[in-house]
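Observations on the three-dimensional arrangement
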Amino acid sequence: MHCPLCHHEDTRVVDTRVSEDGTSIRRRRECVNCKHRFSTLETSSFLVVKRSGVVEPFSRDKVISGVRKACQGRPVDDDALALLAQKVEEKLRESGAAQVKASDVGKAILPFLRELDVVAYLRFASVYSGFQSLDDFQSAIDSLRADNKS
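Scope of this entry: the structure provided in the associated data block. (Residues numbered from 1 in each chain as written. Predicted model: local features only at pLDDT ≥ 70, side-chain atom pairs only at ≥ 80, totals over all residues. Heavy atoms only, no water.)

What follows covers the overall build of the protein. Counting secondary structure elements, the protein contains five helices and six strands. Each helix and strand of the protein, ordered N terminal to C terminal, gives the series β-β-β-β-β-α-α-β-α-α-α. Seen through its principal axes, the protein has C-alpha atoms that stretch 70 × 30 × 30 Å. When the 150 residues of the protein are sorted by exposure, 29% land in the buried category. (Helix = DSSP H or I, 4+ residues; strand = E, 2+ residues; numbered from the N terminus. Buried < 20%, exposed > 50% of the residue type's maximum accessible area, 1.4 Å probe, protein only.)

What follows covers the pattern of salt bridges. One pass over the structure, following the stated rule, counts twelve salt bridges. Between Arg74 and Asp117 there is a salt bridge, with its nearest N and O atoms 3.0 Å apart. Here Arg74, found in the loop between α1 (60-70) and α2 (78-93), pairs with Asp117, found in the loop between α3 (102-116) and α4 (118-128); they are 43 residues apart in sequence, far enough to count as distant. Judged by relative accessible area, which is 30%, Arg74 ranks as partly exposed. (Salt bridge = Lys/Arg side-chain N within 4 Å of Asp/Glu carboxyl O.)

Another aspect to go through is the sheet that holds strand β2 (residues 24-31). Read across the sheet, three strands follow the order β1-β2-β3 without closing on themselves; strand pairing throughout is antiparallel. Across the chains shown, the open sheet's two edge strands, defined by having one partner strand only, are β1 (11-18) and β3 (37-43). Here the strands of the sheet are splayed against their neighbours by 25 degrees on average, with no regard to which way each runs. In the sheet, β2 pairs with β3 via seven bridges, with the strands oriented antiparallel. Of the residues in β3, the one forming a bridge with Arg26 is Leu41. (Pairing = 2+ DSSP bridges. Axes fitted to C-alpha atoms, helices over the stretch in contact; angles between N-to-C directions.)

On to α3, then. Between its first and last C-alpha atoms α3 spans 21 Å; for 15 residues at 1.5 Å apiece the expected length is 21 Å, and the two agree. In the structure, α3 departs most strongly from a straight axis at Leu110, where the bend amounts to approximately 30 degrees and where the proline Pro111 lies between one and four residues downstream. Here α3 has its buried residues at Val105, Gly106, Ala108, Ile109, Leu110, Phe112 and Leu113. (Expected span 1.5 Å × (residues − 1). Bend = angle between axes of the 7 residues up to and from the residue.)

Below, the discussion takes up the packing of α4 against helix α5 (residues 134-149). Between α4 and α5, the least distance of the axes is 11 Å, while the angle of their chain directions is 145 degrees. In this structure, α4 crosses over α5, and the sense of that crossing is right-handed. Every residue of α5 that contacts α4 at Val118, Tyr121, Leu122 and Ser126 is listed here: Phe137, Ala140, Ile141 and Leu144. Split by residue class, the contact of α4 with α5 holds seven nonpolar, one polar and no charged. (Left-handed = near helix turned anticlockwise from the far one by under 90°. Contact = heavy atoms within 4.5 Å. Nonpolar A, V, L, I, M, F, W, Y, C, P; charged D, E, K, R; others polar.)

Turning to the layout of surface pockets, a few remarks are in order. Here the idea is plain: a probe the size of a water molecule rolls over the atoms and shows the empty space left. Empty space within the largest pocket amounts to approximately 650 Å³. Sorting the residues of the lining of the largest pocket by element identifies β5 (55-57), α1, α3 and α4 as the ones contributing at least two each. Ranked by residues supplied to the lining of the largest pocket, first place goes to α1 with six residues. Counted by class, the lining of the largest pocket contains eleven nonpolar, five polar and six charged residues. (1 Å grid on protein atoms, 1.4 Å probe; cavity = no way out; pocket = protein on both sides within 12 Å on 5 of 7 lines; lining within 4 Å. Points joined across faces, edges and corners; volume = space filled by probe spheres on them.)

What follows is about the sheet that holds β5. If you trace the three strands from one edge of the open sheet to the other, you get β5-β4-β6, paired in mixed fashion. The two strands at the open ends of the sheet, each matched to only one other strand, are β5 and β6 (99-101). Direction aside, neighbouring strands of the sheet carry axes that sit 35 degrees apart on average. Both strand β4 (residues 47-49) and β5 contribute to a ladder of three bridges, which runs antiparallel. Residue Val49 lies in a different strand from β5, and its bridge partner there is Val55.

In short, shape yes, function no, at least from these values alone.
Spelled out as structure tokens, the structure:
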């Protein structure tokens with residue numbers, strides 16, 4: 001890290017703190033040459049590759065927006081959606097990959113949505129998984145019922 005004042009190449013870290021949401025690290029640094037102190041903010045980039053090939057930053061807001069449509073008219077509040085989006089991001093980041101496919105985001109949403117609201121899960125899964133017939137719905141319902149019995 002170059003000093004912003006004298007542009008010397010060598011600085012040392014004086015203090016490190018993780019942000020409240022855990023998505024960034026604030027470091028207090030000191031130049032070994034001029035003793036100037038400054039802060040840096042470090043974030044990791046996490047990108048989503050869409051079907052079209054377009055690459056964009058992961059957005060919890062987009063996850064919430066997509067899931068909110070499936071939850072329309074259901075007893076699901078904004079806090080629950082925010083928590084779901086956080087869990088989805090954490091699950092995807094566990095892979096260690098800097099980029100994930102948009103389809104992987106959808107797959108990561110499904111188990112958390114299933115826990116949150118089964119009707120919203122069926123709505124989301126029907127679009128995401130491309131249900132083609134009533135048999136697809138019936139298979140998903142049968143799977144939900146089997147899980148509830150165990």
